[in-house]
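# Observations on the three-dimensional arrangement
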Amino acid sequence: MSQEIWSDVLGYVRKNITEVEYHTWFAPVKNLGVQDGSLVLGVRNSFAQEWFRKNYLKLLEDALRSLGAQDPQVSFQVLPAAQDALLLPSDPPPPPSVPAPRAPAPIFTENRKVLNPKYTFENFVVGPNNNLAHAAALAVAESPGKAYNPLFIYGDVGLGKTHLMHAVGHYMLERFPGKRVEYVSTESFTNDLINAIRDDKMTQFRNRYRSVDLLLVDDIQFLAGKERTQEEFFHTFNALYENHKQIILSSDRPPKDIQTLEGRLRSRFEWGLITDIQSPEYETRVAILKMNAEHNRIDIPQEVLELIARQVTSNIRELEGALMRVVAFSSLNNVPFSRAVAAKALSNVFAPQEVKVEMMDVLRQVAAQFNMPPDVIRGSGRVREVVQARQVAQYLIRELTDHSLPEIGQFFGRDHSTVMHAISKVSEQMGKDSELTAAVELLRRRMKGQEDEDSDA
Ligand SMILES: Nc1ncnc2c1ncn2[C@@H]1O[C@H](COP(=O)(O)OP(=O)(O)OP(=O)(O)O)[C@@H](O)[C@H]1O
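Rules used throughout
- Residues numbered from 1 in each chain as written.
- Predicted model: local features only at pLDDT ≥ 70, side-chain atom pairs only at ≥ 80, totals over all residues.
- Heavy atoms only, no water.
- Helix = DSSP H or I, 4+ residues; strand = E, 2+ residues; numbered from the N terminus.
- Contact = heavy atoms within 4.5 Å.
- Areas by Shrake-Rupley, 256 points an atom, 1.4 Å probe, with all protein chains shown as cover.
- Buried < 20%, exposed > 50% of the residue type's maximum accessible area, 1.4 Å probe, protein only.
- Polar contact = N/O pair within 3.5 Å; in protein donor to acceptor, adjacent residues only side chain to side chain.
- UniProt positions renumbered as here; feature names shortened; annotations may be inferred.
- 1 Å grid on protein atoms, 1.4 Å probe; cavity = no way out; pocket = protein on both sides within 12 Å on 5 of 7 lines; lining within 4 Å.
- Points joined across faces, edges and corners; volume = space filled by probe spheres on them.
- Nonpolar A, V, L, I, M, F, W, Y, C, P; charged D, E, K, R; others polar.
- Salt bridge = Lys/Arg side-chain N within 4 Å of Asp/Glu carboxyl O.
- Axes fitted to C-alpha atoms, helices over the stretch in contact; angles between N-to-C directions.
- Parallel < 35°, antiparallel > 145°, perpendicular 65-115°, else oblique.
- Left-handed = near helix turned anticlockwise from the far one by under 90°.
- Pairing = 2+ DSSP bridges.
- Expected span 1.5 Å × (residues − 1).
- Near = heavy atom within 4 Å.

Turning next to the overall build of the protein. Looking only at helices and strands, the protein features 21 helices and 8 strands. For the protein, contacts bridging at least 24 residues in sequence account for 72% of all contacts bridging at least 6. Accessible area of the protein: about 22100 Å², with a carbon and sulfur share of 50%.

Following this line, the structure appears as structure tokens:
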């Protein structure tokens, strides 16, 4: 496959996933050309191969389909180690590849979008930042055309406006499968209109948009300054409204702040209900991450989710991207999740965060290293291996945290003299027992988030 088509594929992919996801997964992929009718992509290891099969196969097939392929086939091949030098793509990311210009698409096919199956009410976490918009969307879903018409949802990028609009669409189609739901971005609406004028197909254009039961229009602020599109949208709006069809609009600002919007459109946008979505607060961010991890069957400790939620504060799309990056980083480097690992994974994209090591972090890492459950280490077992792991955990907690001996003792259900004994025991063995020394040093580096630096070098 030519590099030009490959860059078109990447352009499509990039529009459909987060920037962080793109740089984590797609930047290192190599186009190995077409073999036996299948596009072969080189990926870095078998984990990435599996990940691509599970998460991106459909997206890549869609990308090829959008470029005209009839029955696209994609396969993934693990690259030889020499081509696999980097564990993560270099940062900062390279400039976006600009897809080569193509012939204009036939009207009504290219821009038609389908609802995203993930954007349902069940998958929407309700918090103080979005509960009004959520309640309004539910009310509209239950009584389309009656509760609030139009429903106008505004808020900054990546806060869930599109998700809520699609949720109404899913809800309606579930209850009334015969209904027509149309989701369109303002940009697509404008392009469709331009094509319709050019191809003398205005009747089809009007039929399409005026025959729906639910019209979802994203990013309506882009109507600003487009007089012909505003005129056409005005008539579409009236036709739907008069027939009691539901209209939902999203925007990055309220109608009154959209410049050069005709007064008659602005006043119509204000007929129904205007509701906003704000940035999620910390608890909502943690809940969103938790739901995401559960959906993807990722078993990740709460404190790691909390670290990510502290790091990414305003945009939910970025929040999800950050989780993906942490998962990718820990899998590709084969290290268990920890706050230090997460901070390291995010440090290239977000401002580095100082991570304070917690007792629980140390316990988990020691447990993974000694291959036994954390509860066993904290329990009362006297088996030699368990005692050694317990002593190492106490030794490292003393070294890496500010906790006092009695506090550490309490964490292990013991008194401070036991901890003192553990510390002197480990200190004594260090240097004599090379296996133990190596394990403690590895854990120490891991807790400080330095492990991969050393292994990269
Ligand atoms: N409350 C929520 N619960 C769960 N996921 C959410 C929530 N809000 C947003 N998301 C997720 O965040 C991502 C971005 O949301 P969405 O695309 O709806 O944002 P948007 O406000 O439409 O952004 P834009 O203005 O860029 O189009 C999506 O993956 C969405 O599923």
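There is more to say, and it comes next.
The subject of this paragraph is the side chain of Glu-232. Along the polypeptide, Glu-232 turns up in helix 9 (residues 227-242). For Glu-232, a relative accessible area of 1% translates into the label buried. Separated by 2.9 Å, the side chains of Glu-232 and Arg-206 make a polar contact. A polar side-chain atom of Glu-232 sits 3.0 Å from a polar atom in the side chain of Arg-210. If near-sequence neighbours (up to four positions away) are discounted, Glu-232 is found in contact with Leu-193, Met-202, Phe-205, Arg-206 and Arg-210.

This brings us to the UniProt feature "binding site: ATP" (unreviewed entry) in the protein. Taking the UniProt record as the reference, the feature "binding site: ATP" (unreviewed entry) is found at Gly-158, Gly-160, Lys-161 and Thr-162. Tracing the sequence through the fold places Gly-160 in the loop between strand 4 (151-155) and helix 6 (161-175). Residue Gly-160 is classed as buried on the basis of its relative accessible area of 17%. In this fold, Lys-161 is placed in helix 6.

Next up on the list: empty space enclosed by the protein. Where empty space is left can be seen by rolling a probe of water-molecule size over the atoms. Inspection of every chain in the model, using the stated rule, returns 2 cavities of 30 Å³ or more. Roughly 40 Å³ of volume is contained in the second largest cavity. If you trace the second largest cavity, you find it lined by Trp-25, Pro-28, Val-29, Gly-42, Val-43, Arg-44, Ala-48 and Phe-52. Residues that form the lining of the second largest cavity fall into these classes: 6 nonpolar, 1 polar and 1 charged.

All told, the structure shown has 19 salt bridges when counted by the stated rule. We note a salt bridge from Arg-180 to Glu-182, for which the minimum N-O separation is 3.4 Å. What makes Glu-182 buried here is its relative accessible area of 4%. A salt bridge links Glu-231 to Arg-264; its shortest N-O distance comes to 3.1 Å. Separated by 33 residues along the polypeptide, Glu-231 in helix 9 and Arg-264 in helix 10 (residues 263-269) bring together distant segments of the chain. The partly exposed category is assigned to Glu-231, whose relative accessible area is 31%. Each member of the salt-bridge network shares a partner with another, and the members are Arg-180, Glu-182, Asp-192 and Arg-208.

A separate point is the packing of helix 15 (residues 359-370) against helix 20 (residues 434-447). The contact between helix 15 and helix 20 brings their axes to 10 Å, and the two run at 135 degrees. By the angle between their axes, helix 15 is oblique relative to helix 20. Crossing geometry of helix 15 relative to helix 20 is assigned as right-handed. Each of Asp-361, Val-362, Gln-365, Val-366, Gln-369 and Phe-370 in helix 15 lies in contact with helix 20, whose residues at this interface are Ala-439, Leu-442, Leu-443, Arg-446 and Met-447.

Moving on, we get to the sheet that holds strand 4. Pairing is parallel in the open sheet, where 5 strands are placed in the order 5-6-7-4-8. Both outer strands of the open sheet, strand 5 (181-185) and strand 8 (273-277), are each paired with one neighbouring strand and no more. Averaged over all pairs of adjacent strands, the angle between their axes in this sheet comes to 15 degrees, without regard to strand direction. For strand 5 and strand 6 (residues 214-218), the ladder comprises 5 bridges, and the chain directions are parallel. In the strand pairing of strand 6, Ser-185 is matched with Asp-218.

What follows covers helix 1 (residues 3-16). Every α-helix carries 3.6 residues per turn, so stepping three or four residues along brings you back to the same face. Taking 1.5 Å per residue, 14 residues should reach 20 Å; helix 1 reaches 20 Å between its end C-alpha atoms and fits that length. Listing the buried residues of helix 1 in full gives Trp-6, Ser-7, Asp-8, Val-9, Leu-10, Gly-11, Val-13 and Arg-14.

Taken in spatial order, the 3 strands of this open sheet run 1-2-3, and their pairing is mixed. Looking at strand neighbours, the two that pair on one side only are strand 1 (30-35) and strand 3 (74-78), the edges of this open sheet. Between one strand and the next, the sheet's axes are offset by a mean angle of 30 degrees, whatever the strand orientation. Relative to strand 2 (residues 38-43), strand 1 is paired through 4 bridges, and the arrangement is antiparallel. Across the sheet, the residue bridging to Lys-30 is Gly-42, located in strand 2.

With that out of the way, let us pick up the pairing of strand 2. Most of strand 2 is tucked away, with 6 of its 6 residues classed as buried. Between strand 1 and strand 2, which pair antiparallel in sequence order, lie 2 residues; one of them, Asp-36, sits at a positive phi of approximately 50 degrees. Strand direction decides the pairing type here: strand 2 and strand 3, joined by 5 bridges, are parallel. What sits directly across from Leu-39, in strand 3, is Val-74.

To continue, consider the site of the ligand. In the neighbourhood of the ligand, 19 residues make up the surrounding shell, with Val-125, Gly-158, Thr-162, His-163 and Glu-320 lying closest. Leu-159 has a polar backbone atom sitting 3.1 Å from an oxygen atom of the ligand. Contacts to the ligand include Lys-161, whose side-chain N or O atom sits 2.8 Å from an oxygen atom. With the chains in place, 93% of the 640 Å² that the ligand exposes on its own is no longer accessible. When contributions to the shell around the ligand are tallied by element, the ones reaching two or more residues are helix 6, helix 11 (282-295) and helix 13 (316-332). Considering only residue class, the shell around the ligand consists of 8 nonpolar, 6 polar and 5 charged.

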